[in-house]
Amino acid sequence: MTFVANFSDTTLRKAVRVVAKLPLSFTVNGEPRQVFVQPWQTLLEALRDELALTGTKEGCSNGNCGACTVLLDGRAIVACCMLALEAEGQDILTIEGLAKDGRLDPLQETFIEYGALQCGFCTPGFLLSARALLNTNPAPNEQEVRLAIAGNLCRCTGYDKIVRAIQAAVEREA
Amino acid sequence: MATVSERKKTRYIGKRTPKYDALERVTGQALFAADLHLPGMLHGKVLRSPHPHALIKRIDTRKAEALPGVKAVVTAADLPPPERAQGMLGGELLISIMDLRRLTIAHDKALFEGHAIAAVAATTPEVAEEALDLIQVDYEVLPPVENALEAMSPDAPLLQPDLYTKTLGEQPERPSNVATHSESSRGDLERGFAEADLVHETSYETKMVHQGYLEPTATVAHAQPDGRITLWTSTQGIFGIRRSLGHLLDLPLGKVNVIPTEIGGGFGGKIYAILEPLAALLSRKSGHPVKIVMSRAEVFRATGPASPTHITVKTGAKKDGRLTAAYVKLVMDAGAVPGAPIGGASLVCLAPYKLDHMKIEAYDVVTNKPRVQAYRAPGGTPAAFAVESHMDQVAERLGIDPLAFRMLNAVDEGDRMTDDRPYNRIGLKEVLRRVAKHPSWTSPLPPGPHRGRGLALGFWAGATLTSTAHVLVHADGTATLVSGQVDLTGTRTTMQQIVAEELQVPLESVSVRVGDTDSTPYTDLSAGSRTAYSFGAAVHNACQDVLAQLRVHAADHLTAQPEHVEYADGRFWLRDSPDQNVDLVTVARRSTFRATGPICGRGTVTRLQPAPQFAAHVADVEVDPDTGKVTILRYTAFQDVGRALNPTQVEGQVQGGAAQGIGWALTEYYHFEKGVMRNPTFLDYRMPTSLDLPMIDCELVEVPASDGPYGARGVGEVPIVPPAAALANAVYRAAGVRLHKLPMTPEEVFRARQATSAIG
């Protein structure tokens, strides 16, 4: 069986449970934020538990499902596999920051129009993985779209409408 | 409800209206149970058995209780005595309340790896986890019963000394791991086989798989000082959770309020109370709200996956292809306590075929595995994998085209289901005719070696049960639908369409609210392909009640009799003098503040006819001769949906169900070693990713149902039924090997090819 680094591992946590919290300064959704976190806390926990940004979801805690995908300097990462303190000075975009000035991102619009979400638990992760793709590749083909979201699991849609929604957003942004 | 014989012109029904709750989901605002945080809230963790089968000799929680930050530790001893734990709970699968009590927390025996032994509430999740390590449990490890066939042997260890097989025959004298042996039959099987020119028999095996919902099971419980319990929970049915809590915690139903949070996928796996009783016990003991969120490994090990099966199929057929007899033996593994989906599998297995002589025997068997829950058309996928693979072989042996073979034997209105209920209007033949004309079937395979095309059928009868809805009309003429019907993926959307359609008001005027058990009347769970169908009928009826009430008010306003009042598009008028009229807003305002009071329409249905659903899937695959990997080139799902209330939502159900069926077929399974699951992560339990699936084309066939709203049928479950067989049939044509086991992993396909020397 495969070994997976798992920051929610009990043994690791018990060893350092009593360590005092440390300061973390970073930018979240365009705003400078400062919080205090345990050295073993993940970026996901800092976002959800310290900043109450619960739009970022926890589906597996070991980087397999992509529900906790956020953008770090425009690049998609899984927030459960990064320690919070590693985000010091970095620029993080979460689902709460994807719509700007009350205007939805074209991906958010097309996800709604194309029915690319059902239960919606995985949706924030998909939107951010897709955003990261379009940031670097403004004209991806279907295979490139599928590759970009291959780290995000969806159990409701079979991906069909998600792929179509991303392709539609590509056209909308062109 | 009245039969919908002719298709009326509609404004919202059949339209691709946007998902009601989409905006909150694309902006991260939708609240799931794990997102909740209450003042003073504690975090709960569950100690689980590392052994699949063990006696619990002693549990010592003293050290855990002494750990700073720990506020409560509970074990089975904290459950109230079982006097009220009587009866059966419904859902998609039945479970006795005593068994649910046993599953909630192990009493004297751990029945599967992951069985809850104790639970802790503490100020942080880390303290709670540390406390788990301080709980000392003395186990006497017993040999695990690893699969159903082993469990059925007379010398197998017994899981429960008080379990006796339920059967129609003689009452057994000895306890057994076989909980039920059921039989359904028609005609004279021996005569049927004697009439056959060809008798064919095959056996199949499927493994345990998980629903794979992305949201780990989570719940928040708050026990108030007056004894009331409030639960915020991720569930498919709030009233079932309330009833379970009432029985397990010895509380009247009115003292338990269940509030549904948004649910991140259920697929049948979020029906029973699993975490809720533990969270409630911890909250009761600590006096604080308690949140428990499962890890993904706990979800795999301790929630309730789908039943593994062993299935044998024997049929007789004439040379011309007509089936003369069929026998199916279903051995289904329920896991730790009885309740495998033998009913669903029995209904599905022979559903598409007209048979004068048939017999189905089914065994519900307990083993040391997690107790199964429903999984989308529970029992249907393994049953169809077996029978649809088998029928493909029969057709081939007779030299008949697989589609023509199925058309020749297809059931029609008036024929009987396997439980002898007659079919009302069904669309199987229409589905088959659509396949016959469609390019996915008629066009040649794209050129290339090791490619093949497979066809398989699927069936689901669909539940109806009890549904209740209220529609409130506000003083400004807008309306709100209120119910306790949990919205899994699209209920609010479709119900908004129905209310707007019936009240003839703009879509934006209609709000939909999912309430809690304290403030809404009983409605059954969202499962069994019943929600759009049965709840939709209740909503439709509530709207008729609203219109009747409004008509009385309008008549009063117009000084006329209600039967002389007409209504359309937000305006009431007198039939004989249309210039005497009043608008909906005026009537709504007047009724709210004067006259008889606000309008509240009520709709309930309890006895709809079933609206059976048939599907056919066609898959083109390519098999890599070197690795055995199956790649899907093209996939088309044909389904009789009766009437697509919202085609986007319906296609979403079809595509999602097909994708789950494909995962079941090709990659997903619980890897057990001596009863211990070795792959409880999404890396090792391999669900399809975007790279594993093609676009899934949907061909919606609309043969109106005999009952229910607008002719619609339930659509959610039948799409998971055909994929495994469609792929097995395609793999056979692509690679020359017939797979009798799921999943058809590269290794299995490769070995099968080696075994038949088909390599080359």
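Quick notes on the rules
Residues numbered from 1 in each chain as written. Chains lettered and ligands numbered in written order. Predicted model: local features only at pLDDT ≥ 70, side-chain atom pairs only at ≥ 80, totals over all residues. Domains from an automatic or database assignment. Helix = DSSP H or I, 4+ residues; strand = E, 2+ residues; numbered from the N terminus. Contact = placed C-beta atoms within 7 Å. Nonpolar A, V, L, I, M, F, W, Y, C, P; charged D, E, K, R; others polar. Pairing = 2+ DSSP bridges. Axes fitted to C-alpha atoms, helices over the stretch in contact; angles between N-to-C directions. Parallel < 35°, antiparallel > 145°, perpendicular 65-115°, else oblique. Left-handed = near helix turned anticlockwise from the far one by under 90°. Buried ≥ 20, exposed ≤ 12 C-beta atoms within 10 Å, placed from the backbone. Arc of directions from axis to C-beta. Core = buried A, V, L, I, M, F, W, Y, C linked by C-beta atoms within 7 Å.

1. Side note on the domain arrangement of chain B
Residue and element names in this part refer to chain B. Splitting chain B by domain gives domain 1 (22-29 + 464-605) and domain 2 (379-462 + 610-755). Using only C-alpha atoms to locate each centre, domain 1 and domain 2 end up separated by 39 Å. Those elements that provide at least two residues to the side of domain 1 that touches domain 2 are helix 15 (491-503) and helix 16 (531-557). Per element, the largest residue contribution to the side of domain 1 that touches domain 2 is 5 residues, and it comes from helix 16.

2. A few points about the domain arrangement of chain A
All names here are of chain A. Each assigned domain of chain A is listed here: domain 1 (10-97) and domain 2 (106-173). Placing the centre of domain 1 and that of domain 2 at their C-alpha centroids yields a distance of 23 Å. Taken together, the contact pairs 14 residues of domain 1 with 13 residues of domain 2. Elements with a minimum of two residues in the side of domain 1 that touches domain 2: strand 3 (69-72) and strand 4 (75-78). Its residues placed into classes, the side of domain 1 that touches domain 2 shows 7 nonpolar, 5 polar and 2 charged.

3. Re unusual backbone geometry
All names here are of chain B. Pro-743 follows Leu-742 through a cis peptide bond whose omega is -5 degrees. Looking at the secondary structure, you find Pro-743 in the loop between helix 19 (723-735) and helix 20 (746-755). The residue Phe-267 is not glycine, and still its phi comes out positive at about 60 degrees. Take Phe-267: it is sitting in the loop between strand 14 (256-260) and helix 8 (276-286). Positive phi values are uncommon outside glycine, yet Asp-569 reaches one of about 50 degrees. Mapped onto the elements, Asp-569 comes out in the loop between strand 23 (565-568) and strand 24 (571-574).

4. Notes on the environment of Thr-381 of chain B
For Thr-381 of chain B, the location among the structural elements is in helix 11 (residues 380-398). Separated by 77 residues in the primary sequence, Thr-381 of chain B and Gly-458 of chain B place their C-alpha atoms 8.2 Å from one another.

5. Structural notes on the sheet that holds strand 26 (residues 599-605) of chain B
Residues and elements named next belong to chain B. Pairing is mixed in the open sheet, where 4 strands are placed in the order 22-21-20-26. Both edges of this open sheet fall to strand 22 (510-514) and strand 26, since each of them pairs with a single strand only. Taking the axes of each pair of neighbouring strands and ignoring which way they run, one obtains an average angle of 20 degrees across the sheet. The sheet contact formed by strand 20 (residues 467-473) and strand 26 spans 7 bridges and is antiparallel. Bridged to His-470 within strand 26 is Arg-602. Lying on the sheet, helix 16 is in contact with strand 20, strand 21 (479-483) and strand 26; it crosses strand 26 at an angle near 145 degrees.

6. What about the interface of chain B and chain A?
Across the boundary between the two partners, chain B contributes 50 residues, which contact 48 residues of chain A. Those elements giving two or more residues to the side of chain B that touches chain A turn out to be helix 1 (22-26), helix 4 (125-134) and helix 18 (647-666) of chain B. Among the elements that line the side of chain B that touches chain A, the one with the most residues is helix 18 of chain B, at 8 residues. By residue class, the composition of the side of chain B that touches chain A is 21 nonpolar, 19 polar and 10 charged.

7. Details of the packing of helix 7 (residues 238-249) of chain B against helix 8 of chain B
Residues and elements named next belong to chain B. Look at helix 7 against helix 8: their axes get within 10 Å of each other, and the N-to-C directions meet at 50 degrees. One way to sum up the angle between helix 7 and helix 8 is to call them oblique. Seen from above, helix 7 lies across helix 8 with right-handed handedness. In contact with Ile-241, Leu-245, Leu-248 and Leu-249 of helix 7, helix 8 contributes Glu-276, Pro-277 and Ala-280. Among the residues forming the contact of helix 7 with helix 8, the class breakdown is 6 nonpolar, no polar and 1 charged.

8. Some words on helix 12 (residues 402-409) of chain B
Residue and element names in this part refer to chain B. All buried positions along helix 12 are accounted for by Pro-402, Phe-405, Arg-406 and Asn-409. The buried residues of helix 12 occupy an angular sector of 95 degrees when projected down its axis, which confines them to one face. Of the surrounding elements, those touching the buried residues of helix 12 are strand 17 (323-335), helix 11, helix 13 (428-437) and strand 19 (451-460).

9. Here's the deal with the pairing of strand 1 (residues 22-28) of chain A
Residue and element names in this part refer to chain A. In terms of strand pairing, strand 1 meets strand 2 (residues 31-37) through 7 bridges, oriented antiparallel. Bridge pairing in strand 2 places Leu-24 opposite Val-35. The loop that links strand 1 with its antiparallel partner strand 2 comprises 2 residues; one of these, Asn-29, has a positive phi angle of about 50 degrees. Summarising the sheet, strand 1 and strand 5 (residues 91-93) pair through 2 bridges and their orientation is parallel. Residue pairing across strands places Thr-27 opposite Asp-91, the latter belonging to strand 5.

10. Here we look at the environment of Gly-339 of chain B
Topologically, Gly-339 of chain B is positioned in the loop between strand 17 and helix 10 (342-349). Separated by 243 residues in sequence, Gly-339 of chain B and Ser-96 of chain B place their C-alpha atoms 8.7 Å apart.

11. Digging into the environment of Gly-240 of chain B
Examined against the element boundaries, Gly-240 of chain B turns out to sit in helix 7. Excluding its chain neighbours within four sequence positions, the residues that come into contact with Gly-240 of chain B are Leu-89, Gly-91, Ile-271 and Leu-525 of chain B.

12. Focus on the nonpolar core
Residues and elements named next belong to chain B. If you look at the biggest cluster of nonpolar residues, it comprises 296 residues, and the most contacted ones within it are Leu-278, Leu-330, Met-332, Val-365, Val-499, Leu-727 and Val-731. With 11 residues, the single largest contributor to this core is helix 16. In this structure, Met-332 is in contact with Ala-148, Ser-307, Thr-309, Ala-340, Pro-341, Ile-342, Ala-345, Ala-362, Tyr-363, Asp-364, Val-365 and Gly-379, ignoring residues within four places of it in sequence.

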